[in-house]
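One letter stands for each residue in the lines below.
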Amino acid sequence: MPLSPSILKALTTPTVSPMAKSTTKFTQTALGWAAHDSSGKLTPFIFKGSCRENGVDDVTMKILYCGMCRTDVHFAKNDWGNTAYPIVPGYEITRIVIKVGSSVSKFKVGDRVGVGYVAASCLDCEISKSFQENYCDQMRPVYNSIHWDGSPTYGGYSTILVADHRYVVHIPESLPMDRATPLMGAGLTVYTAMKHSNLFESPGKHMAVIGLGGVGYMAIKFG
C-alpha cells in the first residue's frame with residue numbers, strides 16, 4: 001500500500017484520539033489510517049506512540065509501502081477479541097532510513113530496509129538467542145501492543161516508524177520496494193516452514209499448498 005500524495009493530503013486534518021494525546025512524551029508525529037471500533041473502518045489518524053524519539057539502538061524510517069494482510073483485517077475488526085483501539089494495522093513494511101541511533105552500525109541514512117511482524121523481544125532468553133523471537137513470551141508485535149517505553153505500537157499504514165535495528169533488514173537494490181513488502185510477512189512465514197522442513201536441502205521433496213492467498217502464493221514461488 002503506497003502512501004500516495006493524495007493519501008498524505010487527506011491525512012493533514014484528522015482527529016486526534018485520547019490515546020494519541022496521552023503519549024505527549026513522544027514528540028515525533030506520524031500520520032496513518034486507524035480503525036477505532038469493530039466495524040474495521042479505517043480513518044485518518046495522527047499519533048505519536050510508535051514514533052518515540054530515536055534511541056541508541058533504534059532506526060527511524062519513512063514508510064514507503066506496506067502490504068495488506070488478512071491478519072490486518074482480523075485485528076481491525078477485533079475478530080480475535082484482543083484488539084486495542086485505535087489500531088493502525090500493517091506489518092509487511094518497506095522503508096527508507098532517516099535516522100540511526102549511536103549504537104547502530106549496520107544501517108545508515110538513506111538505506112532501503114524492511115520490517116516484519118516482530119518489533120521487539122527480550123533478546124536474552126534461549127528462544128530469542130536461537131532466532132525464534134516470535135515465540136518469546138516478551139515478544140512485542142509491530143502493532144496492537146505496548147512497547148517497553150509504555151507507548152502503544154502502531155503499524156505500517158502510516159508514514160514513520162521507529163524500530164530496534166535488530167528487527168530491521170536490508171532490501172537489495174535489485175528488488176523493487178513494493179514487491180519486497182509481502183516478503184516481510186507471507187514470505188517469511190513460508191520460508192521458515194520450508195527451512196524447518198529441510199526442503200531446501202532435499203531435492204525432489206514434495207510439498208502441498210492449500211489455498212492461494214498471500215502465503216500460498218509465496219509458497220508456490222519459493223517452491
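Provided above is the structure to which this section pertains.
Notes on the structure in this doc start here. The structure presented is a predicted model; accordingly, all values stated were derived computationally and were not measured.

It is worth spelling out the environment of T189 at this point. Mapped onto the elements of the fold, T189 is located in helix α6 (residues 186–196). For the pair T189 and A219, spaced 30 residues apart in sequence, the C-alpha to C-alpha distance is 9.1 Å. A distance of 2.9 Å separates a polar atom in the side chain of T189 from the backbone oxygen of G185.

With that out of the way, let us pick up the sheet that holds strand β5 (residues 112–115). With antiparallel pairing, the five strands of this open sheet are ordered in space as β8-β3-β4-β5-β9. Here the strands that pair on one side only, and so sit at the sheet edges, are β8 (160–164) and β9 (169–170). Taken together, the seven bridges between strand β3 (residues 58–66) and strand β4 (residues 93–100) define a ladder with antiparallel strand orientation. Across the sheet, the residue bridging to M61 is V97, located in β4.

One finds M61, V88, V142 and V168 to be the most contacted residues of the largest nonpolar core, which totals 29 residues. Those elements that provide at least two residues to this core are β1 (30–35), β2 (42–47), β3, α3 (70–76), β4, β5 and β8. Of the residues forming this core, the biggest block, four residues, is contributed by β3. Those residues within four positions of V88 in sequence are excluded, and the remaining contacts are W33, A34, F45, F47, Y143, Y154, G155, Y157 and S158. One finds A186, V190, M194 and L199 within the second-largest nonpolar core, a separate group that totals six residues.

What follows covers helix α7 (residues 214–222). Among the residues making up α7, those that are buried are G216, M218 and A219. Projected onto a plane normal to the axis of α7, the buried residues spread over an arc of 160 degrees and lie on a single side. Contact partners of the buried residues in α7: α6.

Each pair of packed helices gets described by two things: the angle between the helix axes and the distance between those axes. At a minimum axis distance of 8 Å, the contact between α6 and α7 shows a crossing angle of 55 degrees. By the criterion of interaxial angle, the relationship of α6 to α7 is oblique. α6 and α7 meet at a crossing whose hand is right-handed. Facing α6, whose interface residues are A186, G187, V190, Y191 and M194, α7 presents G214, V215, M218, A219 and F222. Class assignment for the residues of the contact of α6 with α7 results in eight nonpolar, two polar and no charged.

Computed from the structure, the largest pocket encloses a volume of approximately 1,200 Å³. Around the largest pocket, the lining comprises 41 residues; the ones closest to its centre are V118, M184, L188, T189 and T192. Element by element, the count of residues in the lining of the largest pocket is highest for α6, at eight residues. In terms of residue class, the lining of the largest pocket is made up of 23 nonpolar, 13 polar and five charged. Approximately 220 Å³ is the volume found for the second largest pocket. The wall of the second largest pocket is formed by L175, R179, P182, L183, A186, G213, G214, Y217, M218 and K221. Per-element tally for the lining of the second largest pocket: the top contributor is α7, with four residues.

So, about the packing of aromatic side chains. Two aromatic rings, taken as a pair, are described by how far apart their centres are and by the angle between their planes. Summed over the entire model, instances satisfying the criterion amount to nine aromatic pairs. Centre to centre, the rings of F75 and Y143 are 5.4 Å apart; their planes meet at 80 degrees, and the pair counts as edge-to-face. Of this pair, F75 sits in helix α3 while Y143 sits in the loop between β7 (140–141) and β8; the two residues are 68 residues apart in sequence, bridging distant segments of the chain. Taken together, the aromatic side chains of F75, W80, Y91, Y117 and Y143 make up a single cluster linked through ring pairs.

Looking now at the pattern of salt bridges. Summed over all chains, the structure comprises six salt bridges. E173 is the salt-bridge partner of R112, the closest N and O atoms lying 3.8 Å from each other. Here R112 is found in strand β5, whereas its partner E173 is found in the loop between β9 and α5 (177–180), with 61 residues between them in sequence. Judged by relative accessible area, which is 16%, R112 ranks as buried. Residue class for E173 comes out exposed when judged on its relative accessible area of 67%.

Conventions used here
- Residues numbered from 1 in each chain as written.
- Predicted model: local features only at pLDDT ≥ 70, side-chain atom pairs only at ≥ 80, totals over all residues.
- Heavy atoms only, no water.
- Helix = DSSP H or I, 4+ residues; strand = E, 2+ residues; numbered from the N terminus.
- Polar contact = N/O pair within 3.5 Å; in protein donor to acceptor, adjacent residues only side chain to side chain.
- Pairing = 2+ DSSP bridges.
- Core = buried A, V, L, I, M, F, W, Y, C linked by side-chain atoms within 4.5 Å.
- Buried < 20%, exposed > 50% of the residue type's maximum accessible area, 1.4 Å probe, protein only.
- Contact = heavy atoms within 4.5 Å.
- Arc of directions from axis to C-beta.
- Axes fitted to C-alpha atoms, helices over the stretch in contact; angles between N-to-C directions.
- Parallel < 35°, antiparallel > 145°, perpendicular 65-115°, else oblique.
- Left-handed = near helix turned anticlockwise from the far one by under 90°.
- Nonpolar A, V, L, I, M, F, W, Y, C, P; charged D, E, K, R; others polar.
- 1 Å grid on protein atoms, 1.4 Å probe; cavity = no way out; pocket = protein on both sides within 12 Å on 5 of 7 lines; lining within 4 Å.
- Points joined across faces, edges and corners; volume = space filled by probe spheres on them.
- Phe/Tyr/Trp six-rings, centres within 6.5 Å; stacked < 30°, edge-to-face > 60°.
- Salt bridge = Lys/Arg side-chain N within 4 Å of Asp/Glu carboxyl O.

Spatial relationships are all this shows, so hold off on functional conclusions.
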